[in-house]
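Residues per chain, in single letters:
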Amino acid sequence: MENKTKLKVRRSLIELQREYESKTNKKPLEDLMRAWKGIKELPPDDLKSFFKLGGFHGEPFRGAGWGMGSNFYWGGYCNHGNVLFPTWHRLYLLKLEEALQSIKGCEDVMMPYWDETDEYSIKNGIPWVLTHEFFELDGAKIPNPLRSFVFPKNITDHISGDNPNYSKPRGYETVRYPLSGIVGNQKEIDITKAHNALFPNYEENVKILNKNVLDWLNSHIVVKGQRIETNVVQKYKDCLNAPNFTVFSNTTSAAEWNAERQTIDPNTGLPIKDDPYKVVVPLESPHNSIHLAVGGCEVPGYNRSPISGANGDMGENDTAGLDPIFYFHHCNVDRVFWLWQKKHGFTDRLEIIEEYPGTNTVDSQGPTPGIAPNAWLTLETPLNPFKKVENGTERTYTSLDCINIETQLGHTYGPGSLDELAEPRFLKQEKPAYDSKVIKISRINKAPISGSFTVSAFVTVGGEKLLLGTEAILSRWNSQYCSNCQTHLEVKAFFKLPLIEGKMLQSLNDTNYGNVEIEVSGHDGLLAGSHNSKLLRSDGKPAVGFHMEIV
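The structure presented is a predicted model; accordingly, all values stated were derived computationally and were not measured.

**Observations regarding the packing of aromatic side chains**
Alright, step 1. In the structure shown here, the tally under the stated rule is 24 aromatic pairs.
Alright, step 2. A centroid spacing of 5.2 Å and a plane angle of 70 degrees characterise the contact between Phe-151 and Tyr-172, whose relative ring orientation is edge-to-face. Note that Phe-151 is positioned in the loop between β3 (140–143) and α6 (186–196) and Tyr-172 in the loop between β3 and α6, a separation of 21 residues in sequence. Across the pair, Tyr-172 and Phe-151 agree in class, each one buried.
Alright, step 3. Sitting over the ring of Tyr-202, Arg-147 keeps its end group 4.9 Å from the ring centre.
Alright, step 4. In this arrangement the basic side chain of Lys-465 is found over the ring face of Phe-458, its NZ or CZ atom lying 4.4 Å from the centre.

Set out below in structure tokens:
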């Protein structure tokens, strides 16, 4: 094993920012800016250019399929909703980092992570180095390389029938909440121009963005004087308790695990003590939440004051990889992956439950380029398009090549929040602060839903409507026109429902669950709800449906 003193370290971006502000060590942040400026200025066809690397995640849909008049190609190499989600993105970061180090004078640059559960983020939102409009580098005021990206070439959405919502022209600049970036056809261009005209002041927009992020990071409810966390910070903490890699790694596997939860005593209606099936939160869940917090997605009836029509690039898989903030977010996601590995003793090996939901290429988004449909995913599955040279021969990376980031990849993570929760002594979970049932939401068909969306659960206590939680669903703009997306269209969501003595407990034992409300919301507004406030089709039926049960 390599000596740890030789490991390269990925530090907290907040730490780099503080050093720069105090003028004690401005070089690390300046070199980072120089490296990012460099890869964004490389020719778009250069293998280390940001345009090329950013396109691996979704757009510009390069690879087999689109040029053959077929809609069998989803577009993008990224893995979501399956067990390869953590390892594929781990290698994605590695390749981006290697590109940064290829810029002259930046050979020692390492990707920092945006510590989203750090006290700074919880109080302020996004670090200013990711949002300031300009940055001073080498005595010159330049556009901040970490704020956005201007496309050097057109990108075209080739998916048949997509109309084409996610085509974008040369010169397009990525946007974040509260702005919209949908410019694929004239109708969308007109809608986007009208929407963005409402937000002409960049500094004010950053304040709106940070307020939105803070609401996602800090949401909670208070029931009978007891604070119950419903936020993304709690999701990150909870995912560290996932009992195995399969359910930790992705939303599809975790949904199956949670669906198996049958833990209510039929005689008392209360949770069974020492329940072996605890509701798990997968790493992909808080990951999705941050994408939508930065990109925008509505939660009707909640005090986040969501802005209708906010369609930032981070909110869609198709273009998320072309916003620089994506990589600082995913660096933190990978850090949490490493923390989970250390906590559970999986730094040198990972295990996949064979033939479990989330382990097949048909799950969630469908197979990526080079992977056959309906194939089982293993630790030996190629993680395209990432290549490594071994004994003079080039081959595609697999998950087996990147399990231990220290001994295999030569780097580690510097100190950050949640570190203490990764200690093995925290394996034994403490008794929850409150007894709870679980709200199960299933049978949501994502095909008719345009883009990403949210599923939210509310409970009314004492006449007050409280948000129990929001599950962010990342999806391409038109799943119904993508054959591979059709293979796994059902979306499930799970929410803890605190048990409160008295009338609330009595109502939970009734079949109508009158005090619990579900809302499915997307870019078209409220798509479905427990009551009549939902989007209807021309025939008067709900745009989407869902099934709810409480166990």
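We are not done yet, so read on.
**Description of the packing of helix α4 (residues 85–101) against helix α13 (residues 325–344)**
Alright, step 1. Interaxial distance between α4 and α13 falls to 10 Å at its minimum, and their mutual angle equals 125 degrees. On the basis of the axis angle, α4 is oblique to α13. Regarding α4 and α13, the two cross each other, and that crossing is left-handed. Of the residues in α13, those touching α4 at Phe-85, Pro-86, Thr-87, His-89, Arg-90, Tyr-92, Leu-93 and Leu-96 are Phe-326, Tyr-327, His-330, Cys-331, Val-333, Asp-334, Phe-337, Trp-338 and Gln-341.
Alright, step 2. Per-class residue counts for the contact of α4 with α13 are eleven nonpolar, four polar and two charged.

**Points about the pairing of strand β11 (residues 464–473)**
Alright, step 1. The element β11 is largely enclosed, with a buried count of eight among its ten residues.
Alright, step 2. Sheet analysis places strand β10 (residues 453–461) next to β11, joined by nine bridges and oriented antiparallel. Along β11, the bridge assignment pairs Ala-457 with Gly-469.
Alright, step 3. Linking β10 back to β11 in an antiparallel pair, the connection comprises two residues, with Gly-462 at a positive phi of about 60 degrees.

**Some details on the pattern of salt bridges**
Alright, step 1. Enumeration according to the criterion identifies 26 salt bridges in this entry.
Alright, step 2. Its salt-bridge partner being Glu-229, residue Arg-227 comes within 2.5 Å of it at the nearest N-O pair.
Alright, step 3. When its relative accessible area of 30% is taken as the criterion, Glu-229 is described as partly exposed.
Alright, step 4. For Glu-390, the salt bridge goes to Arg-395, with nearest N and O atoms at 2.9 Å.
Alright, step 5. For Glu-390, a relative accessible area of 34% translates into the label partly exposed.
Alright, step 6. Three or more residues are tied together by salt bridges with common partners; here these are Arg-10, Arg-90, Glu-97 and Asp-334.

**Side note on helix α1 (residues 13–22)**
Note: α-helices contain 3.6 residues per turn, so residues at a spacing of three or four share the same orientation.
Alright, step 1. Buried residues of α1: Leu-13, Ile-14, Leu-16, Gln-17, Glu-19 and Tyr-20, and no others.
Alright, step 2. Turning to α1, the residues buried within the fold contact α2 (27–41), α5 (119–124), β2 (134–137) and α13.
Alright, step 3. The N-cap residue of α1 is Ser-12: its side-chain oxygen and the backbone nitrogen of Ile-14 are 3.2 Å apart.
Alright, step 4. With its phi angle positive at about 65 degrees, Lys-23 sits one or two positions after the end of α1.

**Side note on the nonpolar core**
Alright, step 1. Counting residues in hydrophobic clusters, the biggest one holds 108 residues, and the most contacted among them are Trp-36, Leu-96, Tyr-327 and Phe-328.
Alright, step 2. Sort the elements by how many residues they give to this core and α13 lands first, with eleven residues.
Alright, step 3. If sequence neighbours within four positions are ignored, Phe-328 has contacts with Leu-13, Leu-32, Trp-36, Met-111, Pro-112, Tyr-113, Trp-114, Leu-130 and Leu-146.

**Concerning the environment of Glu-15**
Alright, step 1. As for its placement among the helices and strands, Glu-15 is situated in helix α1.
Alright, step 2. On the basis of relative accessible area, Glu-15 is assigned to the partly exposed category, the value being 30%.
Alright, step 3. Taking the C-alpha atoms as reference points, Glu-15 and Gly-416, 401 residues apart in sequence, are found 9.4 Å from one another.

**What about the confidence of the model for the protein chain?**
Alright, step 1. Summarising the model, the protein chain shows a mean pLDDT of 84, and 79% of its residues fall at 70 or more.
Alright, step 2. A low-confidence stretch, residues 63–73 (pLDDT under 50), is modelled with 18 contacts involving residues beyond four sequence positions or located in other chains.
Alright, step 3. In the predicted structure, residues 532–539 sits below a pLDDT of 50 and forms 17 contacts with residues beyond four places in sequence or in another chain.

**A look at the pairing of β3**
Alright, step 1. With four bridges joining them, β2 and β3 adopt antiparallel strand pairing. Looking at the pairing, Phe-134 lines up with Pro-143 of β3.
Alright, step 2. Hairpin remark: β2 followed by β3, antiparallel, with two residues in the connecting loop; positive phi at Asp-138, about 55 degrees.

**So, unusual backbone geometry**
Alright, step 1. Look at the link from Tyr-177 to Pro-178: it is a cis peptide, with omega at 10 degrees.
Alright, step 2. The topology assignment puts Pro-178 in the loop between β3 and α6.
Alright, step 3. Omega for the bond connecting Asn-384 with Pro-385 falls within 30 degrees of zero, at 5 degrees, which places this linkage in the cis form.
Alright, step 4. The phi dihedral of Glu-355 is positive, around 60 degrees, even though this residue is not glycine.

**Some thoughts on the side chain of Asn-332**
Alright, step 1. Relative to the assigned elements, Asn-332 resides in helix α13.
Alright, step 2. Discounting chain neighbours no more than four positions away, the residues touching Asn-332 are Tyr-113, Trp-114, Asp-115, Glu-116 and Tyr-236.

**Notes on the packing of helix α11 (residues 284–295) against α13**
Two quantities define a packed helix pair, namely the angle between the axes and the distance from one axis to the other.
Alright, step 1. Across the interface, α11 lies against α13 with an axial gap of 11 Å and an inter-helix angle of 155 degrees. What the angle tells us is that α11 and α13 run roughly antiparallel. Taken as a pair, α11 and α13 cross one another with a handedness that is right-handed. Every residue of α13 that contacts α11 at His-287, Ile-290, His-291 and Val-294 is listed here: Ile-325, Phe-326, His-329, His-330 and Val-333.
Alright, step 2. Classifying every residue of the contact of α11 with α13 by side-chain character gives five nonpolar, four polar and no charged.

The rules behind these values
Residues numbered from 1 in each chain as written. Predicted model: local features only at pLDDT ≥ 70, side-chain atom pairs only at ≥ 80, totals over all residues. Heavy atoms only, no water. Phe/Tyr/Trp six-rings, centres within 6.5 Å; stacked < 30°, edge-to-face > 60°. Helix = DSSP H or I, 4+ residues; strand = E, 2+ residues; numbered from the N terminus. Buried < 20%, exposed > 50% of the residue type's maximum accessible area, 1.4 Å probe, protein only. Lys NZ or Arg CZ within 6 Å of the ring centre and 35° of its normal. Axes fitted to C-alpha atoms, helices over the stretch in contact; angles between N-to-C directions. Parallel < 35°, antiparallel > 145°, perpendicular 65-115°, else oblique. Left-handed = near helix turned anticlockwise from the far one by under 90°. Contact = heavy atoms within 4.5 Å. Nonpolar A, V, L, I, M, F, W, Y, C, P; charged D, E, K, R; others polar. Pairing = 2+ DSSP bridges. Salt bridge = Lys/Arg side-chain N within 4 Å of Asp/Glu carboxyl O. Polar contact = N/O pair within 3.5 Å; in protein donor to acceptor, adjacent residues only side chain to side chain. Core = buried A, V, L, I, M, F, W, Y, C linked by side-chain atoms within 4.5 Å. pLDDT = per-residue confidence, 0-100.

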